[in-house]
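# Structural overview for review
The primary structure of each chain is shown beneath.
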Amino acid sequence: MTLVELTGVSKHYGSVRALDGVSLEVHAGEITCVLGDNGAGKSTLIKIIAGLHQHDGGVLRLDGEETRLSSPREALDRGIATVHQDLAVVPLMPVWRNFFLGSEPRKGAGPFKRLDVDFMRRTTRAELLRLGIDLRDVDQPIGTLSGGERQCVAIARAVYFGAKVLILDEPTAALGVKQSGMVLKYVAAARDEGLGVVLITHNPHHAYLVGDRFVLLKRGTTVGHHTRDRITLEELTHQMAGGSELEALSHELGGRDRG
Amino acid sequence: MNAATDGIREERFLQSASARRLLSRPELGSVVGAVAVFVVFALAADGFLRASSLSTVLYASSTIGIMAVPVALLMIGGEFDLSAGVLVTSSALISSMTSYQLTANVWVGVGVSLLATLAVGAFNGFLLTRTRLPSFIVTLGTFLMLTGMNLGFTKLIDGTVSTKTIADMEGFPAAHAVFASTLTVGGVDVKVTILWWLALVAVASWILLRTRAGNWILAVGGNADAARAVGVPVARTRVALYMGVALGAWISGQHLLFSYDVVQSGEGVGNELIYIIAAVIGGCLITGGHGSAVGSAVGALLFGMTSKGIVFAEWNPDWFKFFLGAMLLLATLLNHWVRKRAEAAK
């Protein structure tokens, strides 16, 4: 099932062309990777899907229906959750309070209306466990978790609150090898839950580990659009690294590799 | 063998988890300090342990504590209110002068004072959220303005720096009973402010720990941008916190009025810092996001014990401020250290 479909989408900021004729598909239970160097238009692309910006050319379809998202709230209401790079949490608050912040479940009536604390603790633990993260104490401040674990809490939160599409903006950019592996594992777990995932990255190795589709961006245009069975990691890395440009650079630097 | 070691490990983990939870309680430092100060005065001051002395200590603590509770919530929400001290006086003056000038039942003045005081709180909150200036500046401004208005209006209306007595006016006995009476429990005098204080601590703890509003207060103080991103009404939460401080100021102001029946218009200056000190000693993080109402009560109790204990011990009361300052530093350092430990011990 195609959850999100972009066809020939363009975006201009004044006279600057940020995106030009970019196409992309997000299917339920699949991971679509968007690869590109800094300034390739990755951020603009996710901002359009997340409702932060509106496209000014081409077509955006959600569940096959042509649409235009006017705000992040509308995107959320239509099941599109975005986990931003500068992940927003309240460090001193316990994990379970962060998990439900802004959508707290309550019980009781009148002045005795109160947080359903047991449910909140239990659910936080269970939802994290479902993605395979075993947090022994959900009462610890979320600031004590590692960067990777915090990404996972954000992913679990999106899954729990009924997201159909999950956009992850460079989730492994600031992480070490082990932490990156952990995050990718949870990204795969979210996919197995049936979500359509958009993974933004500039690391072809991370993308190839989990991706089903690969969209390569360069200066706002699509330079490659592949499904997993049509491309190898070597090709992906080669295209991502700039292909012929890298060869030219290697030549300029004296071509020591070639002897 | 393996199962046994696992069991031990599990047990050790459980111990460390509960120990960490205890250590991360915001009020821990202040409780340790309060016990120490209590022991010192119990040994040094004859009669400190007498029921009447303890009642005096509790009364002194309650007058600070009633304001320390909402000031602590505000601080957990990440803001200050430097106008809190003089707002108490304003509230008392408005109540007294309204009743006197209208020759009305004192409850009319009490009601008008409630509305006016809450309006000042709302004004502080709106000014802060609209201008986005630091609360230090905004409330320093209202602090100075209120100080001037307290003196200016009192002189303009009554001709002197204090209000006229309202003790002979209709409704005074009832209002005195509610805000300034003394109950006798088992032969010991208990001031009614102690009950107000305990009630406020209970309500504030309930709000902070068990309601959605409490979650919002912690989040707004801890990371306002993150809170806004998930749909927390940040501005509304801040305005409500300032109105909470105003509510405390109204209760304190009515106590001030009905225990003496006249109000000195220059009072209250400097008290705002005492409320803040009580909240900080009680474990409130000055940058917001962490703290408790119970902690603010222990902070106020420390204040009451020290101020009265020095008198009972017949020490020179000039040293009171020195002890207060030393306690503030020690409590803050202890809280800082405890939190570092709690966060490091994963």
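Thresholds, definitions, all that
Residues numbered from 1 in each chain as written. Chains lettered and ligands numbered in written order. Predicted model: local features only at pLDDT ≥ 70, side-chain atom pairs only at ≥ 80, totals over all residues. Heavy atoms only, no water. UniProt positions renumbered as here; feature names shortened; annotations may be inferred. Helix = DSSP H or I, 4+ residues; strand = E, 2+ residues; numbered from the N terminus. Buried < 20%, exposed > 50% of the residue type's maximum accessible area, 1.4 Å probe, protein only. Areas by Shrake-Rupley, 256 points an atom, 1.4 Å probe, with all protein chains shown as cover. Lys, Arg positive; Asp, Glu negative; His and termini not counted. Charge placed at Lys NZ, Arg CZ, Asp CG, Glu CD. Pairing = 2+ DSSP bridges. Axes fitted to C-alpha atoms, helices over the stretch in contact; angles between N-to-C directions. Contact = heavy atoms within 4.5 Å. pLDDT = per-residue confidence, 0-100. Salt bridge = Lys/Arg side-chain N within 4 Å of Asp/Glu carboxyl O.

For chain B, an unreviewed UniProt entry supplies the name Xylose transport system permease protein XylH and the organism Streptomyces longwoodensis. Regarding chain B, the relevant UniProt record gives this comment under Function (unreviewed entry): "Part of the binding-protein-dependent transport system for D-xylose. Probably responsible for the translocation of the substrate across the membrane." As recorded by UniProt, the Subcellular location (unreviewed entry) comment attached to chain B reads in full: "Cell membrane".

An unreviewed UniProt entry lists chain A under the name ABC transporter ATP-binding protein, with Streptomyces longwoodensis given as the organism.

### Here we look at the overall build of chain A
Helix and strand counts for chain A stand at 9 helices and 12 strands. Counting across all 259 residues of chain A, residues that qualify as buried make up 50%. Carbon and sulfur atoms make up 49% of the accessible area of chain A, which amounts to about 12100 Å² in all. Computing the positive centroid from 31 side-chain charges and the negative centroid from 32, chain A places the two 6 Å apart.

### Points about the sheet that holds strand S10 (residues 196-201) of chain A
Either a parallel or an antiparallel arrangement is found when strands of a sheet pair, and the pairing is made through backbone hydrogen bonds. Residue and element names in this part refer to chain A. Pairing in this open sheet of 6 strands is mixed, and the strands run S6-S9-S10-S3-S11-S12 from one edge to the other. Among the strands making up the open sheet, the edge pair consists of strand S6 (80-83) and strand S12 (221-227). Shown here is a sheet whose adjacent strand axes are inclined to one another by a mean of 15 degrees, direction ignored. Strand direction decides the pairing type here: strand S11 (residues 213-218) and S12, joined by 6 bridges, are antiparallel. In the strand pairing of S12, valine 215 is matched with histidine 225. Sitting on the sheet, helix H1 (residues 42-49) touches strand S3 (31-36), S6, strand S9 (165-169), S10 and S11, and the angle it makes with S3 is about 145 degrees.

### Describing the confidence of the model for chain A
Per-residue confidence for chain A averages 85 on the pLDDT scale, and 94% of its residues sit at or above 70. Per-element confidence in chain A ranges from a low mean pLDDT of 70 for helix H9 (residues 244-252) of chain A to a high of 94 for strand S8 (residues 114-115) of chain A.

### As for the pattern of salt bridges
Residue and element names in this part refer to chain A. Enumeration over the complete set of coordinates arrives at 15 salt bridges over all chains. Here glutamate 30 and arginine 213 are joined by a salt bridge, their closest N and O atoms 2.9 Å apart. With glutamate 30 in the loop between strand S2 (16-27) and S3 and arginine 213 in strand S11, the pair connects residues that are 183 residues apart, well separated along the chain. In this structure glutamate 30 comes out as partly exposed when scored by relative accessible area, which is 21%. For glutamate 65, the salt bridge goes to arginine 78, with nearest N and O atoms at 3.5 Å. Of this pair, glutamate 65 sits in strand S5 (residues 65-67) while arginine 78 sits in the loop between helix H2 (72-77) and S6, placing them 13 residues apart in sequence. Taken together, the salt bridges that share partners define one network made up of Glu25, Glu30 and Arg213.

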